[in-house]
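# Chains, contacts and geometry: an overview
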Amino acid sequence: MRSGNQLPKKKKKVKYYTSSACCQLYFRLEGEMAARLLLRSSIRAATTCRAAPVPILTRGMAAGGIPTDEEQATGLEKIVMKAAQQGADPYSMLKPKEYAGSKADPHLVPSITTKRIVGCVCEEDNTAVVWFWLHQGEAQRCPSCGSHYKLVPHELPH
Amino acid sequence: MAHQAHAYHMVDPSPWPLTGAIAALLLTSGTAVWFHFHSLTLLTMGNILLLLTMYQWWRDIIREGTFQGHHTPPVQKGLRYGMILFITSEVFFFLGFFWAFYHSSLAPTPELGGCWPPTGIITLDPFEVPLLNTAVLLASGVTVTWAHHSIMEGERKQAIQSLTLTILLGFYFTFLQGMEYYEAPFTIADGVYGSTFFVATGFHGLHVIIGSTFLAVCLLRQVQYHFTSEHHFGFEAAAWYWHFVDVVWLFLYVSIYWWGS
């Protein structure tokens, strides 16, 4: 059954407005041809960037007047943001990655020095955590459950 | 820059907790001295020190977060928890006064005439100024939400307008309540009715003033470009506090003004 004129659902209204506002600026500055190209690519970017982790550079100050984190974040907040955009977690904010713990797929433990303390919860819900120092070099095994752990060097962003 | 391997904020040493504690001492002792010896010196000193402490402490937090970038995601999460816990503690504060009100009004004693409102008390008509006050606060809840969405969507002009409107509505509420207090046919000394009414609504009014001040600071910061469309927790905290103040009013209105009349 036809339901008449149905507008396509615009999920992220924000990005749509911002990119078209940007485009209006460009129309005046760079001429129609370049502007049409930009409009096409920004629409593509606006519709595809929902999936991508890297946000398109919304010109916050040029568009609505409120800056974005991309423009204004500073210090450690900016370092964390930039690293997250690259998929990195230098400050261990997220849960450690999951590994099998076998000899072929040991738990990789990032460290800024040559050793780091590891706490192994051998089985889920165990209340006694097995603590031990993990040293640089060959993988070590948990003294209780035998899972393999390997220290990997890790650089702090400067 | 040799520094931490974690994303938390280890705050630099600061004198403001000490000045705050001294202010608390001066305020408490000053109040006692005022009651017994009629001198306002200690109390005034305490108030000045309190205002200086609040101004400088919060100014330092803004410097650390907005200008130095110390408010990483885990730090912001901690600030959120902190604000939620604080508001929860305030909820319990008001719960006490509602307890006092219901204790007195559900089983009115013979001294009151065995009825509620007590004999001789002329209550305020809940459908006059109190109803207007309810509308004013509900509207301010809408405008503060409008302001939040404006910030998230990068609309500077609208954010400033809606935030200003919210603050004006807050002032309007305070003005109307002030008028009501002046014109009320009963005082705080009029038995348990007066006590419960003015202590509960009085503390609420104080919280409206605090909330309006918090929002005004947010307006100043918004004008000076502190907030980004993703990171504006100071504003969110003010908005949460404002909604809390609104909800407390709704309970006050229904319990004391309407049911209690």
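The written sequence of each chain sets the order in which its residues are numbered from 1. All chains are assigned letters beginning at A, and all ligands numbers beginning at 1, according to the order in which they are written. In view of the model being predicted, local features appear only for residues whose pLDDT reaches at least 70, and side-chain atom pairs are presented and counted only at 80 or more, with totals across whole chains, interfaces and linings using the full set of residues. As a convention, hydrogens and water are excluded, and side-chain values are obtained from all of the structure's heavy atoms.

### A closer look at the side chain of H71 of chain B
With respect to the helices and strands, the residue H71 of chain B is situated in the loop between α2 (41-67) and α3 (73-106). We call two residues contacting when some pair of their heavy atoms lies within 4.5 Å. Residues contacting H71 of chain B, with those up to four places away along its chain left out, are E77 of chain A together with I61, E64, G65, L79 and H231 of chain B. Segments assigned H or I by DSSP are reported as helices when at least four residues long, segments assigned E as strands when at least two residues long, and all are numbered from the N terminus.

### Here's the deal with the UniProt feature "transmembrane region" (unreviewed entry) in chain B
All names here are of chain B. UniProt positions are given in the numbering used here, feature names are shortened, and annotations may be inferred rather than shown by experiment. The UniProt entry lists residues 16-34, 40-58, 79-102, 129-147, 159-177, 197-220 and 240-260 under the feature "transmembrane region" (unreviewed entry), expressed in the numbering used here. Secondary structure within residues 40-58 divides into 95% helix and 0% strand; the distance between the first and last C-alpha atoms comes to 27 Å. Structurally, residues 240-260 is divided into 95% helix and 0% strand, and its ends, taken at the C-alpha atoms, are 28 Å apart.

### A short note on the pattern of salt bridges
Between Lys or Arg on one side and Asp or Glu on the other, a salt bridge is scored when a side-chain nitrogen of the former is within 4 Å of a carboxyl oxygen of the latter. Applying the stated criterion to the full structure yields five salt bridges over all chains. The salt bridge involving E98 of chain A is made with K95 of chain A; its shortest N-O contact spans 3.9 Å. For the pair E98 of chain A and K95 of chain A, a shared accessibility class is recorded, and that class is exposed. Among the charged side chains, a salt-bridge network with shared partners connects R59, D60 and R63 of chain B. The rule is simple: take the accessible area with a 1.4 Å probe, protein chains only, and divide by the maximum for that residue type; under 20% is buried, over 50% is exposed, in between is partly exposed.

### Some details on the environment of G170 of chain B
Looking at the element boundaries, G170 of chain B is found in helix α5 (residues 156-183). Leave out the neighbours within four places in its chain, and G170 of chain B touches V208, S212 and W242 of chain B.

### Points about the nonpolar core
For this analysis, a nonpolar core means a set of buried residues of the types Ala, Val, Leu, Ile, Met, Phe, Trp, Tyr and Cys, connected via side-chain atoms within 4.5 Å. Counting residues in hydrophobic clusters, the biggest one holds 47 residues, and the most contacted among them are L163, F197 and F235 of chain B. Residue assignment for this core shows that the elements contributing at least two residues are α3, α4 (129-152), α5, α6 (191-223) and α7 (233-259) of chain B. With residues near it in sequence (within four places) discarded, F197 of chain B still touches L124, Y181, F186, G202, I256 and Y257 of chain B. V109, C120, V130 and C142 of chain A belong to the second-largest nonpolar core, a separate cluster that totals nine residues.

### Section: the interface of chain B and chain A
Between chain B and chain A, the contact holds 30 residues from the first and 21 residues from the second. Note on definitions: buried area is the accessible-area loss of two parts on being combined, 1.4 Å probe, summed for both. Roughly 1,900 Å² is buried in total at the junction of chain B and chain A, and carbon and sulfur atoms are behind 61% of that figure. Ranking the residues of chain B by area buried against chain A places H3, A5 and Y225 of chain B at the top, with a combined share of 22%. Seen at the junction of chain B and chain A, the total is zero salt bridges. Between N or O atoms, a polar contact is any pair within 3.5 Å; within protein, one atom must be a potential hydrogen donor and the other a potential acceptor, and residues adjacent in sequence are included only when both atoms are from side chains. For the interface between chain B and chain A, the tally reads nine residue pairs in polar contact (both at pLDDT 80 or more). Three residue categories are used. Nonpolar comprises Ala, Val, Leu, Ile, Met, Phe, Trp, Tyr, Cys and Pro, charged comprises Asp, Glu, Lys and Arg, and polar comprises the others, including Gly. Taken together, the residues of the side of chain B that touches chain A sort by class into ten nonpolar, 16 polar and four charged.

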